[in-house]
Amino acid sequence: MSIERVAITPEAAEIIDKLRDRNGELFFHQSGGCCDGSAPMCFQVGELMLNETDVKLGRIHGCDFYMSRDQFEYWKHTHLTLDVVKGRGASFSLEIPLGVRFVIKSRLFTEEESVILGEI
């Protein structure tokens, strides 16, 4: 049995489809830095350079999802769900012109999930 670290809501998937039609292949990065703090940001593939300090959490709706290693240390015990809400974020993410922004909803992994992930 494998445990997914990241999931997506149907509403967020709809926005990704619109963005992919306009921009091509996409990916997400959650840095925990400036702008919207730890808001997930959507980029065209190649728009943001990734390196050994980034951790790939998984793939959602055809998009890789990354997080900085430092941020991952804080979030590694949580399951993340990408969602979308109305309103403008303060980031460089591709959804901003649509009047929406991506957000993360999180929950702690259960003890069973943590065992499977090798964290206990």
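Residues numbered from 1 in each chain as written. Predicted model: local features only at pLDDT ≥ 70, side-chain atom pairs only at ≥ 80, totals over all residues. Heavy atoms only, no water.

### Examining the overall build of the protein chain
From N to C terminus, the protein chain includes three helices and seven strands. Taken from N to C terminus, the helices and strands of the protein chain fall in the order β-α-β-β-β-β-α-β-β-α. Whereas a compact globule of 120 residues would reach a radius of gyration of roughly 14 Å, the protein chain reaches 14 Å, a difference of no more than 12%. On the principal axes, the C-alpha backbone points of the protein chain span a range of 40 × 30 × 25 Å. In the protein chain, buried positions account for 44% of the 120 residues. For the protein chain, the exposed surface amounts to about 6700 Å²; the carbon and sulfur share of it is 51%. For the protein chain, the distance from the average position of its 13 positive side-chain charges to the average position of its 19 negative side-chain charges is 5 Å. (Helix = DSSP H or I, 4+ residues; strand = E, 2+ residues; numbered from the N terminus. Rg over C-alpha atoms; globule rule 2.2 N^0.38 Å. Buried < 20%, exposed > 50% of the residue type's maximum accessible area, 1.4 Å probe, protein only. Areas by Shrake-Rupley, 256 points an atom, 1.4 Å probe, with all protein chains shown as cover. Lys, Arg positive; Asp, Glu negative; His and termini not counted. Charge placed at Lys NZ, Arg CZ, Asp CG, Glu CD.)

### Observations regarding the sheet that holds strand β1 (residues 6-8)
Taken together, three strands build an open sheet; the order of strands is β1-β6-β7 and the sheet is mixed. Looking at which strands have only one partner, the edges of the open sheet turn out to be β1 and β7 (100-108). Sheet twist, expressed as the mean angle between neighbouring strand axes with direction ignored, is 30°. Both strand β6 (residues 78-86) and β7 contribute to a ladder of nine bridges, which runs antiparallel. Its bridge partner being in β7, Thr 78 is matched across the sheet by Leu 108. Relative to the sheet, helix α1 (residues 10-23) contacts β1, β6 and β7, its axis offset from that of β6 by approximately 65°. (Pairing = 2+ DSSP bridges. Axes fitted to C-alpha atoms, helices over the stretch in contact; angles between N-to-C directions. Contact = heavy atoms within 4.5 Å.)

### A short note on the nonpolar core
Grouped together as the largest cluster of nonpolar side chains are 23 residues, with contacts concentrated most on Phe 28, Leu 57, Phe 65, Leu 80, Leu 82 and Phe 102. When contributions to this core are tallied by element, the ones reaching two or more residues are α1, β2 (26-30), β4 (54-60), β5 (63-68), α2 (69-75), β6 and β7. For this core, the leading source of residues is α1, giving four residues. Setting aside chain neighbours within four positions, we find Phe 28 in contact with Ile 16, Pro 40, Met 41, Cys 42, Ile 60, Cys 63, Asp 64, Phe 65, Tyr 66, Leu 82 and Phe 102. (Core = buried A, V, L, I, M, F, W, Y, C linked by side-chain atoms within 4.5 Å.)

### Quick look at the pattern of salt bridges
Under the definition given, this model contains six salt bridges. In this structure, the salt-bridge partner of Asp 17 is Arg 20, at a minimum N-O distance of 3.5 Å. Of the two residues, Asp 17 and Arg 20 both sit in helix α1, three residues apart, roughly one turn of that helix. Residue Glu 73 is joined to Lys 76 by a salt bridge in which the shortest nitrogen-to-oxygen separation is 3.1 Å. Residue class for Lys 76 comes out partly exposed when judged on its relative accessible area of 23%. Through salt bridges with shared partners, a single ionic network connects Lys 56, Arg 59 and Asp 64. (Salt bridge = Lys/Arg side-chain N within 4 Å of Asp/Glu carboxyl O.)

Such coordinate-based values are descriptive only and should not be taken to indicate function.
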